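Secondary and tertiary structure notes
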Amino acid sequence: GDNQHFQIYLFIGLIIFNFFSQSTSFSISSLSGNASLIKSMNIEKEVFVISRVFESIFSHLFELILLIIFMIYFNVSLIGLLFYPLIFFDLLIFILGLSFILSIFGVLISDLWNIWSVLTKLLLFLTPIFYYVDKSSSIYLINLLNPLYYFISITRDLLIYNKTPEIPMIGLMILFSLSIFIIGILIFNFNKNTISERL
């Protein structure tokens with residue numbers, strides 16, 4: 001019934017949001033928290049950011065296992081999971097791009113962690129995780145600018161409803177991921193050599 005679907009609907013939203021929120025929060029201090037290492041050793045600065053994001057992958061995998069158990073319990077087909085690695089790859093490059101940006105700003109803005117914490121809480125309520133969104137509502141229009149909306153909706157289409165996501169949705173998901181990834185790398189590379197002096 002729809003109630004069991006809702007539990008899976010909610011869980012999918014939560015695990016994708018958790019992965020996003022945990023990775024990006026970790027990345028804020030990835031450079032500022034390793035100032036002494038960065039100054040004393042000649043390590044590529046990207047390593048610090050990537051390692052923080054990869055830490056979050058382990059908890060995401062654990063949550064995915066829980067999701068699979070839920071799906072089996074509620075008799076939801078697991079076929080859609082075959083496509084999840086493609087969504088996950090997009091989500092990962094989106095998060096990496098954003099993490100590169102946040103790691104640089106984390107050095108420049110000492111209070112960024114608190115600011116980001118408030119922003120992610122706001123995003124948690126704006127993103128349709130706990131509720132369904134009607135396409136005629138204003139919250140739907142706001143979510144068209146929210147990259148997480150695409151990752152979560154496409155995953156739900158595949159896992160709960162066993163339907164092919166709409167092509168524009170897939171296109172926008174890939175566009176958001178690649179754009180943020182490229183912008184993140186550009187900002188990071190532009191600033192990474194001067195960042196040591198600021199640490």
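Residues numbered from 1 in each chain as written. Predicted model: local features only at pLDDT ≥ 70, side-chain atom pairs only at ≥ 80, totals over all residues. Heavy atoms only, no water.

Section: the overall build of the protein
Where we set the bar: The way it works is that DSSP assigns letters per residue, a run of H or I at least four long becomes a helix, a run of E at least two long becomes a strand, and they are numbered from the N terminus. Between the two quantities, the radius of gyration covers C-alpha atoms and the globule rule is 2.2 Å times the number of residues to the power 0.38. Each residue's exposure class comes from its accessible area (1.4 Å probe, protein chains only) as a fraction of the maximum for that residue type: buried when under 20%, exposed when over 50%, partly exposed otherwise.
Along its length, the protein carries 8 helices and 0 strands. What you see in the protein, going N to C, is helices and strands ordered as α-α-α-α-α-α-α-α. The C-alpha atoms of the protein give 18 Å as radius of gyration, which agrees with the globular expectation for 199 residues (16 Å, within 12%). For the protein, the C-alpha atoms occupy an extent of roughly 60 × 35 × 30 Å along the three principal directions. Within the protein, the fraction of its 199 residues that count as buried is 45%.

Some remarks on the packing of aromatic side chains
For clarity, the threshold we go by: Here is the rule: rings of Phe, Tyr and Trp (six-membered ring for Trp) pair when centre to centre is within 6.5 Å. Planes less than 30 degrees apart are stacked, more than 60 are edge-to-face, and the remainder are tilted. Placement of a charge over a ring requires the Lys NZ or Arg CZ to be within 6 Å of the ring centre, with the centre-to-atom vector within 35 degrees of the ring normal.
For the structure on display, the rule yields 16 aromatic pairs. Between Tyr73 and Phe74, the aromatic rings sit 5.1 Å apart at their centres with planes inclined by 75°, giving edge-to-face as the arrangement. In this structure an aromatic cluster arises from ring pairing among Phe17, Phe20, Phe94, Trp116 and Phe151. We note Arg52 situated over the ring of Phe26; from NZ or CZ to the ring centre the distance is 4.7 Å.

Focus on a nonpolar patch on the surface
Definition in use: Residues enter patches when they are more than 30% accessible in relative terms and free of salt bridges; like-charged ones are connected within 9 Å and nonpolar ones (Val, Leu, Ile, Met, Phe, Trp, Tyr) within 5 Å. In these tables, accessible area is a Shrake-Rupley quantity obtained with a 1.4 Å probe, and a residue counts as shielded only by the protein chains included in the view. Any carboxyl oxygen of Asp or Glu within 4 Å of a side-chain nitrogen of Lys or Arg constitutes a salt bridge here.
Taken together, the side chains of Phe105, Leu108, Ile109, Ile115, Leu119 and Leu122 make up a nonpolar region of the molecular surface, amounting to roughly 500 Å² of accessible area. If you list the elements that add at least two residues to the nonpolar patch, you get α4 (84-108) and α5 (112-126). No other element matches α5, which puts 3 residues into the nonpolar patch.

Brief notes about α4
To be explicit about the condition: A helix is expected to reach a length of 1.5 Å times the quantity of its residues less one.
With 25 residues, α4 should reach 36 Å at 1.5 Å per residue; the first-to-last C-alpha distance of 36 Å fits that figure. Most of α4 is tucked away: 20 of the 25 residues are buried.

Focus on the packing of α4 against helix α7 (residues 147-159)
Our working definition: Lines fitted to C-alpha atoms define the axes here, with helix axes fitted over just the stretch in contact, and angles between the N-to-C directions of these axes take values from 0 to 180 degrees. Any angle between 65 and 115 degrees counts as roughly perpendicular, while under 35 counts as roughly parallel, over 145 as roughly antiparallel, and the rest as oblique. Residues are treated as being in contact if the distance between any of their heavy atoms lies within 4.5 Å. Three categories are distinguished: nonpolar for Ala, Val, Leu, Ile, Met, Phe, Trp, Tyr, Cys and Pro, charged for Asp, Glu, Lys and Arg, and polar for the others, with Gly belonging to the last.
The interhelical angle for the contact between α4 and α7, taken along N-to-C directions, is 170°, at an axis separation of 10 Å. The orientation of α4 relative to α7 falls into the category roughly antiparallel. For the pair α4 and α7, contact is made by Tyr84, Ile87, Asp90, Leu91 and Phe94 and by Pro147, Leu148, Phe151, Ile154, Thr155 and Leu158, respectively. The class makeup of the residues in the contact of α4 with α7 is 9 nonpolar, 1 polar and 1 charged.

Quick word on the nonpolar core
For the record, the criterion: Nonpolar cores are built from buried Ala, Val, Leu, Ile, Met, Phe, Trp, Tyr and Cys residues. Side-chain atoms within 4.5 Å join them into one set.
Membership of the largest hydrophobic core comes to 43 residues, with the highest contact counts inside it found for Ile8, Ile16, Phe20, Leu67, Leu91 and Phe151. Breaking this core down by element, the ones donating at least two residues are α1 (2-28), α3 (46-73), α4, α5, α7 and α8 (167-198). In this structure, Ile8 is in contact with Leu67, Phe70, Met71, Phe74, Val76 and Ile160, ignoring residues within four places of it in sequence. In terms of nonpolar packing, the next biggest core, distinct from the first, is built from 11 residues, Ala35, Val49, Ile104 and Ile195 among them.

A few points about the side chain of Asp157
With respect to the secondary-structure elements, Asp157 resides in helix α7. Excluding its chain neighbours within four sequence positions, the residues that come into contact with Asp157 are Asn162, Lys163 and Pro165.

Comments concerning the side chain of Glu63
With respect to the helices, strands and loops of the structure, Glu63 is situated in helix α3. Excluding residues that lie within four positions of it along the chain, Glu63 makes contacts with Phe11, Ile15 and Asn18.

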